[in-house]
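A structural walkthrough
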Amino acid sequence: MDRYTQAAWLIPLFPLAAFLVLTALGRNYRRAGVFIGSFGSLVAFLLSLLIVIDRLGANEVDYNYSFDWIVIGDYTLRIGFEVTNLTALMLAVVTLVSFLINVYSAGYMKNDERITVFYGYVALFTFSMLGLVLSDNLLSLYIFWELVGVCSFLLIGFWFTLPKARAAAKKAFIVTRIGDAGLLLAILLLFWYMPDHALDFTTIQSVFDGQSGAITNGITTLIALLIFLGAAGKSGQFPLHVWLPDAMEGPTPISALIHAATMVAAGVFLIARTFDIFQDSAAAMETVAYVGGFTALFAATIALAQNDIKRILAYSTVSQLGYMMMALGLGSLTGGIFHLFTHAFFKALLFLGAGSIIHAVHTQNINEMGGLGSKMRVTAWTFAIGSLALSGIPPLSGFWSKDLILTIAWETNPLLFIAGLAAAFCTALYMTRMFFLVFMGKPGAASSSAHESPASMTLPMVLLAVLAVASGFVETPWNSSFGSWIHDGSEEAHSSGVAIVGSIAASFLGIYIGWLVYGKRSVSRTAFQERTPWLVKLLERSYYVDELYAAIIVKPLKLLGSSLMVIDAYVIGGIVRLTGAAASCAGRAAARLQNGQVQAYGLAAVIGFVILVAAIVGRRFLP
Amino acid sequence: MLPSYLTMAAILFCIGLYGALVKRNAVVVLLSLELMLNAVNLNLVAFSKYGVVPSLTGQIFSLFTITVAAAEAAIGVAILIALFRLRGTVNVDEFDKMRR
Amino acid sequence: MFNIAITGEFAAFFVFSAIMIGGAVLMISLDKVVHMVISMAAVFLGLAGMFVLLEAEFVAFVQVLIYAGAVSILMIFGIMMTKHQAVEREPAKPLHETLAAVGALCLFGVLFFAIRTTTFPEPQPFQPGEDNTMAIGELLYTGYVIPFELLSVLLTVAFIGAIVLAKKEADE
């Protein structure tokens, strides 16, 4: 039953068509934006769902269609699309979240003047992401990778009249550019070393799997590290994580779509697609694992001290992406992808909930909120489900995926296991803190006028909450059906009692302490701050990483820029002015010849004649 | 002998050229012009005697040039007189109507 | 070129050339215009002597008659009729003068170079005939009669033109 798979190339075209139509329509057709955008992503989602159903059986063959695109001499670049189980999964996730965001934005962005533009950008993003997922070779993946970055830039800076939004959009683009440079270098290296200069994933798989020795280990490590650099940029790993918290300047539906569920997952997806390269290089795997683990703990600690609701969720996303990278680095493709799958749902849910709250109280500072639980019931319940899923409480989905990662860590690298546990503890703690400060307790300064959001906003949240509960059951420690499906083969389930107990204990401990401090208020909120104010300040300023970058990188670059500007103004400008002045001087000098006096003309004639004769006579003497 | 006559003519010609280009008074310019024409005459007559095929043609030619030069000198002075009546000066620097 | 025997012809040539060059240099360097004309006359006379050396007696005669006689007087008339400043006091134009001098020198250099490097063929003997005037007259009225007639037309036109140009404006 392959026919839906064969039509997979149609899936990105619906959002693309939606983008084109919306761009052509302009700003006036506000209702049209909503319907066309949602329709495009709905059709794409239905088609993706059909493809997933198509492939649910065991041992489905990967489908690949490609054609010759560029022929240079004896090198042919083929381009096309490929549908594997992994690809089908990503298609479904991306289109589903995109559809839900389209519906949600109808309510959230209702009063915005440029709502049609917004929907156009969202459709363009969806198209790019789907193209990225369906790519069958690294070059076309890179093209869509860049396109996704552009859409992210456009959407973060959607409210471009705000200077903060502009700065955040630029920062996002520039920081991910550093990663993209790494990915480009990796592609170039692969082009150089691969037999026949092939860049498609099937060939990469066959060359690196089993390693016939075609490519030396040093080069393999280099390629893998460069690909990881690209993934780290897009997925916000340390030290390229700085753009993600600032990206919260964009509208909340965007934060949910791009910076929680899909674009940031592109890095993980890339590593999953080129996993054979990584498996060949132990050094690269270790790097990925350690960077991922470090980022997970690092970001979780920062989130403990943030006061902006979206920033907490942003650092939480960075932390969870760290978990995914750690899983991949430890050798488990299943772990990374499974966590990506569950994280997409509950993180999108949390962001939509945050958007609902912001829409109601018009502030993002959690210290000004409070007591919203009674006024916004649906939001509160779905947010609670999302928080519990993120904290890893069984039987919600987050528990199963996080547990899988911790199990693998326990089996291979106890140090990373400890880091993972600590990060889980912090995660539970900051989510509980946020929940209590926002929804419980006495109403804060801004909560008086709050009311529940309209159905267009709450329905997607409810749907995501259902998924957050249910999506975890596809992969349990006793039944690894998800893993087998992703791997096109059978995979034994991992289970480890230590890991299960440890993760549950860490999560419950975090929730308990959070309840003590923020719920029951038996421990003072400022207790920690009074004892170690420097620590709290450090966390609040996210370890001063931004300031460090500003001092080390931004300032010298600005200095270089201004000195180059001086050179441009004075040296190059001077040369240009000199040329102009020379021309006008020459003109003025020549004009002195035109003084109307016959003797001057006669003199010029004589001199000219002499020169002419000398030239002709002088030719005799030239060798 | 021929080269000496020719060199002589060249000297006279160049001196006449310098005078025609530098002198301020228009009459003096005309005078220098006559000097140049004389140099040419010397050339012609020298070639008539020492040339490849000596004949009287050179001398006859020089008679013609003398005639034309005299006519031209007369016309030149007449023009100068007319210009002087108009402008009041014979300083060639003043005659720059062709400027721009 | 410089291994010439000191003959009488050479001595005469030397004297006449000294007169000519001296006169020309004086012409361009003297102050008063009338003096300039006088030195020009000296040049004309020297030139006449040269023509005699070259066995062109008739041309020498015509030279004295027309140049030293008529043209010099014509120039003096021109000077008298155009009330000049008696002395040429001109503001110096050093650039112009230098360039003109350089140009003239270069021109002379080129001509000198051409003269020196040309190999003139051995001249055949010159037969001017018994009577130079008669020979010229015969040649003029037989072979060159058309240029002769044209020249007379030219002279007629020239003197009519000169009269028209130089007469006072009729008081109208």
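Note that the coordinates shown come from a computational prediction; the quantities given were computed from them, not determined experimentally.

The rules behind each value
- Residues numbered from 1 in each chain as written.
- Chains lettered and ligands numbered in written order.
- Predicted model: local features only at pLDDT ≥ 70, side-chain atom pairs only at ≥ 80, totals over all residues.
- Helix = DSSP H or I, 4+ residues; strand = E, 2+ residues; numbered from the N terminus.
- Rg over C-alpha atoms; globule rule 2.2 N^0.38 Å.
- Buried ≥ 20, exposed ≤ 12 C-beta atoms within 10 Å, placed from the backbone.
- Contact = placed C-beta atoms within 7 Å.
- Axes fitted to C-alpha atoms, helices over the stretch in contact; angles between N-to-C directions.
- Parallel < 35°, antiparallel > 145°, perpendicular 65-115°, else oblique.
- Left-handed = near helix turned anticlockwise from the far one by under 90°.
- Nonpolar A, V, L, I, M, F, W, Y, C, P; charged D, E, K, R; others polar.
- Pairing = 2+ DSSP bridges.
- pLDDT = per-residue confidence, 0-100.
- Core = buried A, V, L, I, M, F, W, Y, C linked by C-beta atoms within 7 Å.
- Expected span 1.5 Å × (residues − 1).

Looking now at the overall build of chain B. From N to C terminus, chain B includes 3 helices and 0 strands. Counting from the amino terminus, helix and strand elements in chain B follow one another as α-α-α. The C-alpha atoms of chain B give 17 Å as radius of gyration, which overshoots the globular expectation for 100 residues (13 Å, by more than 25%). Referenced to the eigenvectors of the C-alpha coordinate spread, the extents of chain B come out at roughly 50 × 25 × 20 Å. Across the 100 residues that make up chain B, the buried fraction comes to 56%. Sequence separation of 24 or more characterises 51% of the internal contacts of chain B that already satisfy a separation of 6 or more.

Residues and elements named next belong to chain A. Helix α12 (residues 263–273) packs onto helix α9 (residues 217–235) with a crossing angle of 160° between their chain directions and a minimal axis gap of 7 Å. When the axes of α9 and α12 are compared, the pair comes out roughly antiparallel. The crossing of α9 and α12 is left-handed. Note on element contacts: α12 touches α9 through Met-263, Val-264, Ala-266, Gly-267, Val-268, Leu-270 and Ile-271, opposite Ile-227, Phe-228, Gly-230, Ala-231, Ala-232, Lys-234 and Ser-235. Its residues assigned to classes, the contact of α9 with α12 shows 10 nonpolar, 3 polar and 1 charged.

Okay, the environment of Leu13(A) next. Relative to the assigned elements, Leu13(A) resides in helix α2 (residues 13–25). In sequence terms Leu13(A) and Met461(A) are 448 residues apart; their C-alpha atoms lie 27 Å from each other.

Another point: the pairing of strand β1 (residues 63–72) of chain A. All names here are of chain A. In terms of burial, β1 is a largely surface element, 0 of the 10 residues being buried. Where β1 and strand β2 (residues 75–83) come together, 9 bridges link them in antiparallel fashion. Opposite Tyr-65, over in β2, you have Phe-81 as the bridge partner. Hairpin connection, β1 to β2: the antiparallel pair is bridged by 2 residues, and Gly-73 has positive phi, about 60°.

Regions with low pLDDT carry predicted coordinates that are not meant to be interpreted in detail. All names here are of chain B. Scored by pLDDT, chain B comes out at a mean of 90, with 97% of its residues at no less than 70. Mean pLDDT across the secondary structure elements of chain B bottoms out at helix α3 (residues 57–87), with 91, and peaks at helix α1 (residues 2–22), with 94. With pTM at 0.71, the complex prediction returns an ipTM value of 0.90.

Take the nonpolar core next. In this structure, Ile227(A), Val268(A) and Ala348(A) are the most contacted members of the largest nonpolar core, which totals 197 residues. The leading source of residues in this core is helix α19 (residues 414–439) of chain A, at 18 residues. Aside from chain neighbours lying at most four places away, what touches Ala348(A) is Val97(A), Ala256(A), Ala260(A), Ala261(A) and Leu464(A). One finds Met8(B), Leu42(B), Val90(B) and Val37(C) within the second-largest nonpolar core, a separate group that totals 77 residues.

Residues and elements named next belong to chain A. Two elements in contact, helix α6 (residues 138–156) and helix α7 (residues 163–193), have axes separated by 9 Å at closest approach and are oriented at 175°. The angle between α6 and α7 places the two elements in the roughly antiparallel class. Here Leu-138, Leu-139, Tyr-142, Trp-145, Glu-146, Gly-149, Ser-152, Phe-153 and Ile-156 of α6 come into contact with α7, specifically with Ala-165, Ala-168, Ala-169, Ala-172, Phe-173, Thr-176, Asp-180, Leu-183, Leu-184, Ile-187 and Leu-190. Taken together, the residues of the contact of α6 with α7 sort by class into 15 nonpolar, 3 polar and 2 charged.

Bringing the interface of chain A and chain C into the picture now. With 7 residues of chain A in contact, the opposing surface of chain C contributes 7 residues. Residue classes in the side of chain A that touches chain C are distributed as 7 nonpolar, no polar and no charged.

Listed by partner, the interface residues are 56 residues for chain B and 67 residues for chain C. For the side of chain B that touches chain C, the elements supplying multiple residues, two or more each, are α1, α2 (26–50) and α3 of chain B. For the side of chain B that touches chain C, the element with the most residues is α3(B), which contributes 20 residues. Residues of the side of chain B that touches chain C, tallied by class, amount to 43 nonpolar, 10 polar and 3 charged.

Glancing now at unusual backbone geometry. Residue and element names in this part refer to chain A. For the bond running from Phe-238 to Pro-239, omega is 0°, close enough to zero to count as cis. The residue Pro-239 is located in the loop between α9 and α10 (243–246) in this model. For His-362, which is not a glycine, the phi torsion comes out positive at approximately 55°. Positionally, His-362 belongs in the loop between α16 (333–361) and α17 (377–391).

Let's shift gears to helix α20 (residues 455–470) of chain A. Residues and elements named next belong to chain A. In this model α20 runs 22 Å from its N-terminal to its C-terminal C-alpha over 16 residues, within 8% of the 22 Å that 1.5 Å per residue would give. Every buried residue of α20 is listed here: Met-457, Thr-458, Pro-460, Met-461, Leu-464, Ala-465, Leu-467 and Ala-468. Against the buried residues of α20 lie α4 (85–108), α16, α17 and α18 (397–412).

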